[in-house]
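Close look at the chain arrangement
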Amino acid sequence: MDWLQAIILGIVQGLTEFLPVSSSGHIAIFKELLGVEASEDLMFEVTVHAATVLATIVVFWKPIVQLFSGLFKFKYNDETDYICKILVGTIPVMIVGLFFKDQVEALFNSLWVVGGCLLITAVLLYFSDAAAKAKARETEVRNGISFWQALLVGVGQAFAVLPGLSRSGATIGTGLVSGVKREVVAQFSFLMVIIPILGEMFLSIVGGELAASTTGLLPLALGFIAAFATGLFACKAMIALVKKAQLKWFALYCALVGFIVILTQIF
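In this text the structure is predicted, and so the values were computed from the model without any measurement. Numbers given for residues are sequential positions, taken from 1 along each chain in its written order. Per-residue local features are limited, in this predicted model, to residues with pLDDT of at least 70; the limit for side-chain atom pairs, both in listing and counting, is 80 or more; totals at the level of whole chains, interfaces and linings are taken over all residues. Only hydrogens and water are set aside; all other atoms, that is, all heavy atoms of the structure, feed into the side-chain values.

1. With respect to the state of the cysteines
The disulfide definition used here is simple: a pair of cysteine sulfur atoms within 2.5 Å. Enumeration over the complete set of coordinates arrives at 0 disulfides. With no disulfide partner, C254 has as its closest neighbouring cysteine sulfur the one in C117, 11 Å distant.

2. Concerning the packing of aromatic side chains
In this scheme Phe, Tyr and Trp rings, the latter by its six-membered ring, pair at centre separations within 6.5 Å, and the angle between planes marks the pair as stacked below 30 degrees, edge-to-face above 60, and tilted otherwise. In this structure the tally under the stated criterion is 6 aromatic pairs. On the basis of an interplanar angle of 90 degrees and a centroid distance of 5.2 Å, the ring pair of Y126 and F127 is categorised as edge-to-face. Residue exposure (1.4 Å probe, protein chains only): buried if accessible area is under 20% of the type maximum, exposed if over 50%, otherwise partly exposed. Judged by its relative accessible area of 52%, Y126 is exposed. One aromatic cluster is present, formed by F18, F60 and F190 through successive ring pairs.

3. Details of the environment of A160
Of note, A160 is situated in the loop between α8 (147-159) and α9 (167-177). Considered as a pair, A160 and S24 are 136 residues apart in the sequence and their alpha carbons are 9.1 Å apart. Working definition: helices are DSSP H or I runs of at least four residues, strands are E runs of at least two. Numbering for both runs from the N terminus.

4. Examining the layout of surface pockets
The computed volume of the second largest pocket comes to approximately 280 Å³. Cavity means a closed set of points on a 1 Å grid over the protein atoms alone, one where a 1.4 Å probe fits but cannot get out, pocket means an open set with protein on both sides within 12 Å along at least 5 of 7 lines, and lining means a residue has an atom within 4 Å of a point. Around the second largest pocket, the lining residues are I57, I64, L67, F68, L71, I83, I86, L87, L191, I194, I195 and L198. Sort the elements by how many residues they give to the lining of the second largest pocket and helix α4 (residues 61-71) lands first, with 4 residues. Grid points are joined across faces, edges and corners, and a volume is the space filled by probe spheres set on the points.

5. Description of a nonpolar patch on the surface
Patch definition: residues above 30% relative accessible area lacking any salt bridge, with like charges linked at up to 9 Å and the nonpolar side chains Val, Leu, Ile, Met, Phe, Trp and Tyr linked at up to 5 Å. Reported accessibility uses the Shrake-Rupley method at a 1.4 Å probe radius. Residues are deemed covered only where the shown protein chains occlude them. Between Lys or Arg on one side and Asp or Glu on the other, a salt bridge is scored when a side-chain nitrogen of the former is within 4 Å of a carboxyl oxygen of the latter. On the surface, a cluster of nonpolar side chains totalling about 540 Å² of accessible area is made up of I91, I95, L98, F99 and F100. Locating I91 in the fold gives a position in helix α5 (residues 78-99). Given the relative accessible area of 42%, I91 is considered partly exposed.

6. A look at the pattern of salt bridges
Tallied over the entire structure, the rule returns 4 salt bridges. For E45, the salt bridge identified is with K31, shortest N-O distance 2.4 Å. Note that E45 is positioned in helix α3 (residues 43-59) and K31 in helix α2 (residues 23-34), a separation of 14 residues in sequence. Of the two residues, E45 and K31, both sit in the buried class.

7. Remarks on the packing of helix α1 (residues 3-18) against α2
Contact pair α1 / α2: the axes reach a minimum separation of 9 Å and the direction vectors enclose 160 degrees. Between α1 and α2, the interaxial angle falls into the category roughly antiparallel. In terms of crossing hand, the pair formed by α1 and α2 is right-handed. Together, Q5, I8, L9, V12, Q13, T16 and E17 of α1 and S23, H26, I27, F30, K31 and L34 of α2 make up the contact between the two elements. Note that Gly is not counted as nonpolar here; it falls among the polar residues with everything else outside the nonpolar set of Ala, Val, Leu, Ile, Met, Phe, Trp, Tyr, Cys and Pro and the charged set of Asp, Glu, Lys and Arg. Residue composition of the contact of α1 with α2, by class: 6 nonpolar, 5 polar and 2 charged. Throughout, an axis means a line fitted to C-alpha atoms (over the contacting stretch in the case of helices), and angles, computed between N-to-C directions, take values from 0 to 180 degrees. Reported orientations rely on four angle classes, namely roughly parallel under 35 degrees, roughly antiparallel over 145, roughly perpendicular from 65 to 115, and oblique for the rest. The hand of a helix crossing depends on one turn: near helix anticlockwise from the far one by less than a right angle means left-handed, and clockwise means right-handed. Note on contacts: a residue pair is in contact if any heavy atoms of the two residues lie within 4.5 Å.

8. Focus on the side chain of S23
Looking at the secondary structure, you find S23 in helix α2. Discounting residues that sit within four places of it in the chain, S23 has contacts with Q13, T16, E17 and H49.

9. As for helix α10 (residues 182-192)
Summarising burial for α10: 9 of the 11 residues are buried, a large majority. What α10 keeps buried is the set R182, V184, V185, A186, F188, S189, F190, L191 and M192.

So this is what it looks like as structure tokens:
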């Protein structure tokens, strides 16, 4: 991977990690377009994911600081309740990571899977706005989300490990369908991803993937910077779009790209 390919893939990762169009699916597509080996070592993906985590922390630094300040009061308050729900939401994806990692990684070499999952993302996004209106209710729960809703959002995140199935689309969509308010679900979705990505980074470093990486330090650094800069923009934009119920346009985009990908595989 050269420096230009790294910048392009970093931009793609930063934009698509937060927008509901599937970062993994678009990375797979752009690798194919750029001639980057699909099975190339995963250190680049880990690096650009770390950049988007940093972008999330920058955007949500105030609530994150508030969560930690409440946690260290050592009592069950709103902050500890929210953190516990985030932990519950990460359980499904951790199970997938521990027991099905190899099977999931094998799917990243198939653009058939990417195209099909993009179509599934389109369907989910299209119906989530309408379902959210039907599910709207005034019943209040602590922090705006219950433990079972947090688990359901976590299940959405676990399925979104499939290339082409948008993580933000799956988590925000399942949250809206289960009745979580728009102003709550976007923040919860983005904060929930921090733990599994940091865990993946830690395992990659401990497992020696960083030392064994064939990607040079310059492409890694440029990819990180590109993903971080575009991730800041995309994260703020997505929060605004969720509140305005504009997910149907992303559904149209995912459907179009999904069909194109499938057609390229047929012909």
